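# Remarks on the overall topology
So you can see what is in the structure, the chains are spelled out below.
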Amino acid sequence: MTEEEIAAVATLRAADCEIIDAAILAHSASHWLKVARVMIHAENELIGRFPAISRRFYAERLKHLVQAGLLESQGNLNHLRFSEVRIPPPSPPNHTQKG
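Residues numbered from 1 in each chain as written. Predicted model: local features only at pLDDT ≥ 70, side-chain atom pairs only at ≥ 80, totals over all residues. Heavy atoms only, no water.

### A word on the overall build of the protein
Secondary structure summary: the protein contains four helices and three strands in total. When its helices and strands are written in sequence order, the protein yields α-α-β-α-α-β-β. Each principal axis of the C-alpha atoms in the protein carries an extent, and together these give about 60 × 30 × 20 Å. The buried share among the 99 residues of the protein stands at 36%. (Helix = DSSP H or I, 4+ residues; strand = E, 2+ residues; numbered from the N terminus. Buried < 20%, exposed > 50% of the residue type's maximum accessible area, 1.4 Å probe, protein only.)

Written out as C-alpha cells, the structure reads:
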C-alpha cells in the first residue's frame with residue numbers, strides 16, 4: 001500500500017472494519033463468485049463513506065474473512081481475477097444418540 005493508503009487505513013476503527021467486512025459478505029453468495037466482483041461491489045457500496053480506502057485494503061479484509069472461516073476461497077487470493085469466494089455451506093447437524 002502507498003503511504004496515503006496506509007494513512008487512510010490507520011484512521012479506521014474496529015467498527016469501520018466490521019462495516020467493510022459486512023459489505024464484502026453481503027456481496028458474496030453461497031455459490032462461487034469472482035473475488036474482483038465481490039470487492040468492486042463492496043467498494044462501490046462504501047465509496048461515499050470510505051473514499052480513501054483502497055481496493056488493496058478490501059482485499060486484505062476479504063483474506064481475513066477467509067482465514068476466519070466466514071468465506072471459502074479457491075484459486076490464488078493474491079490474483080483477484082483468478083480467484084473465487086463463497087459463503088460456506090452450513091454444517092450438517094450433529095446427530096448423536098443418547099442412551
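Once you've had a look at it, read on.
### Here we look at the packing of helix α3 (residues 35–46) against helix α4 (residues 55–67)
Taken N-terminus to C-terminus, the directions of α3 and α4 make an angle of 120°; their axes are 10 Å apart at the nearest point. When the axes of α3 and α4 are compared, the crossing they make is right-handed. Across the interface between the two elements, Val35, Val38, Met39, Ile40, Ala42, Glu43 and Leu46 from α3 touch Arg55, Tyr58, Ala59 and Leu62 from α4. Taken together, the residues of the contact of α3 with α4 sort by class into nine nonpolar, no polar and two charged. (Axes fitted to C-alpha atoms, helices over the stretch in contact; angles between N-to-C directions. Left-handed = near helix turned anticlockwise from the far one by under 90°. Contact = heavy atoms within 4.5 Å. Nonpolar A, V, L, I, M, F, W, Y, C, P; charged D, E, K, R; others polar.)

### A closer look at the pairing of strand β3 (residues 83–86)
Strand residues, when the strand is regular, have side chains that alternate between the two faces of the sheet. Relative to β3, strand β1 (residues 33–34) runs antiparallel, the two being bridged by two bridges. What sits directly across from Leu33, in β3, is Val85. Strand direction decides the pairing type here: strand β2 (residues 72–75) and β3, joined by four bridges, are antiparallel. Bridging from a neighbouring strand, Ser73 pairs with Val85 of β3. (Pairing = 2+ DSSP bridges.)

### Considerations on the side chain of Ser28
The topology assignment puts Ser28 in the loop between α2 (14–26) and β1. For Ser28, a relative accessible area of 10% gives the class buried. At 2.8 Å, the side chain of Ser28 forms a polar contact with the backbone oxygen of Ile24. Not counting the four nearest positions on each side in its chain, Ser28 is found in contact with Leu33, Val38, Leu71, Val85 and Ile87. (Polar contact = N/O pair within 3.5 Å; in protein donor to acceptor, adjacent residues only side chain to side chain.)

### Describing the sheet that holds β2
Spatial ordering of the open sheet is given by β1-β3-β2, a layout of three strands whose pairing is antiparallel. Each having just a single partner strand, β1 and β2 make up the two edges of the open sheet.

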